[in-house]
2 protein chains.
Amino acid sequence: MKYGIAIFPSKKLQDLVNSYRKRYDPHYALIAPHLTLKDPFDVEDEDELKEMTRQIHEISDNIQPFNINVYKVGSFHPVNNVIYFKVKEEERLSKLHEQLHKDELYSERPYTFVPHITIAQKLPDEEHHDVLESMKMMDIDHSEPVDRFQLLYQLENGSWTVYETFHLGKVR
Amino acid sequence: MKYGIAIFPSKKLQDLVNSYRKRYDPHYALIAPHLTLKDPFDVEDEDELKEMTRQIHEISDNIQPFNINVYKVGSFHPVNNVIYFKVKEEERLSKLHEQLHKDELYSERPYTFVPHITIAQKLPDEEHHDVLESMKMMDIDHSEPVDRFQLLYQLENGSWTVYETFHLGKVR
């Protein structure tokens, strides 16, 4: 089964992102706006999943909540036609991402970690550039607290269901 | 903000339900297949949400995991044109539902609790009856364990994002 780990930003930010995704992101209906912490990876075994969940709780217990700051629009072109809100580098966020890929949680990372929230993807080159140009004129500078993230699994239709919530800092 | 509480069944059951919802449920893209524990309710205040979350954890800590058994296809017609997998009555499930509506968690329940997983809704009468007839011939008898449920909130586009996972029985 395919699993992934992501932060869902506030409703306010999700609503804003969705207002663009609706037109420009074919994954609009498959998952809510998010910041990916760990790309899709396979877990086949219930025991493996339990052990992994335990390890992720240990990680989240030991990283305090932080703020994310969305401050500009970027693109991964020419690697792929993704347009995104860039999230400012933040030590705890990088540490969280790092620890979710260490030791037994190792999984491949084809690119360096560029924290982002996707607003458009898979557009043809010309449309990609047009949308990117107009979005770059947007004046965005938004900060908000993050105190949790989610482990999700993918259904056959490509959509994602949340399996478990992890709180940053030990809360219970 | 609108919140709701639901159980997401196993991937296997969600995939089966989605194979019908895709054609017969206009909410297909808004939320994964689920068993509603508490209908949409309003929470306006961050403090109220925190207190409510604490109360729900207390409830979930004190109810042990249980099994759900999906054993037939039903319909809410003529109240509304919902076709669903009926979930057998189960003491802990009823207790959970009851406690999620008690005291400070009070919210209106226009109908008695009929635990179900929606597979079709809002079809015109004739199509509703046709689909129901053919689905009733389905031979379904499926049981699976439930050890968690989710608190979700609704975005402006009508879709639902998970806010927090609650485990049945104290696990951490």
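Keep in mind that this is a model prediction, so the values were computed, not measured. (Residues numbered from 1 in each chain as written. Chains lettered and ligands numbered in written order. Predicted model: local features only at pLDDT ≥ 70, side-chain atom pairs only at ≥ 80, totals over all residues. Heavy atoms only, no water.)

## Structural notes on the interface of chain A and chain B
Here is step 1: Every contact between the two is made by 28 residues of chain A and, on the other side, 28 residues of chain B.
Here is step 2: Buried surface at the junction of chain A and chain B, both sides included, amounts to about 2300 Å², of which 45% is carbon and sulfur.
Here is step 3: Linking chain A to chain B there are four salt bridges.
Here is step 4: Between A:Arg148 and B:Glu164 there is a salt bridge, with the nearest N and O atoms lying 2.7 Å from each other.
Here is step 5: The set of elements that each furnish at least two residues to the side of chain A that touches chain B consists of α1 (11-24), α2 (46-61), β7 (148-154) and β8 (160-167) of chain A. (Contact = heavy atoms within 4.5 Å. Buried area = accessible area lost by both parts, 1.4 Å probe. Salt bridge = Lys/Arg side-chain N within 4 Å of Asp/Glu carboxyl O. Helix = DSSP H or I, 4+ residues; strand = E, 2+ residues; numbered from the N terminus.)

## As for the relation of the copies chain A and chain B
Here is step 1: Once chain A is rotated about the relating axis by 180 degrees and shifted along it by 0.0 Å, it coincides with chain B to within an RMSD of 0.0 Å. Between the two chains, the operation in question is that of a two-fold axis.
Here is step 2: When the interface residues of chain A are mapped onto chain B, 100% of them are again interface residues, pointing to one common binding face. (Least-squares fit on C-alpha atoms with pLDDT ≥ 70 in both.)

## Let's talk about the UniProt feature "active site" (unreviewed entry) in chain A
Residues and elements named next belong to chain A.
Here is step 1: Here the UniProt feature "active site" (unreviewed entry) sits at His34 and His116. These annotated residues cover 83 residues of sequence, and their C-alpha atoms all fall within 8.2 Å of one another, placing them together at a single site.
Here is step 2: Looking at the secondary structure, you find His34 in the loop between α1 and β2 (35-42).
Here is step 3: Given the relative accessible area of 18%, His34 is considered buried.
Here is step 4: Ignoring anything within four residues of it in the chain, the contact list for His34 reads Ala6, Ile7, Phe8, Pro9, His116, Ile117 and Thr118.
Here is step 5: Within the structure, the side chain of His34 is placed 2.8 Å from the backbone oxygen of Ala32, a separation counted as a polar contact. (UniProt positions renumbered as here; feature names shortened; annotations may be inferred. Buried < 20%, exposed > 50% of the residue type's maximum accessible area, 1.4 Å probe, protein only. Polar contact = N/O pair within 3.5 Å; in protein donor to acceptor, adjacent residues only side chain to side chain.)

## Looking at the confidence of the model for chain A
Here is step 1: Per-residue pLDDT for chain A has a mean of 96; in total, 99% of the residues score no lower than 70.
Here is step 2: Interface scoring of the predicted complex returns ipTM 0.92; its pTM is 0.94. (pLDDT = per-residue confidence, 0-100.)

## Notes on the pattern of salt bridges
Here is step 1: With the rule as written, the count across this model stands at 18 salt bridges over all chains.
Here is step 2: Linking A:Arg21 and A:Asp25 is a salt bridge whose minimum nitrogen-to-oxygen distance equals 2.9 Å. Both residues of the pair, A:Arg21 and A:Asp25, belong to the buried class.
Here is step 3: A cluster of three or more residues bridged by salt bridges with shared partners is formed by A:Lys11, A:Asp15 and B:Glu156.

## Topic: α2(A)
Residue and element names in this part refer to chain A.
Here is step 1: In this model, α2 (16 residues) spans 22 Å end to end at C-alpha, consistent with the 22 Å of a helix rising 1.5 Å per residue.
Here is step 2: Looking only at α2, the buried set comprises Leu49, Met52, Thr53, Gln55, Ile56, His57, Ile59, Ser60 and Asp61.
Here is step 3: In the core, the buried residues of α2 are packed alongside β1 (2-7), β2, α3 (91-99), β7 and β8.
Here is step 4: Residue Asp45 occupies the N-cap position of α2, its side-chain oxygen lying 3.1 Å from the main-chain nitrogen of Asp47. (Expected span 1.5 Å × (residues − 1).)

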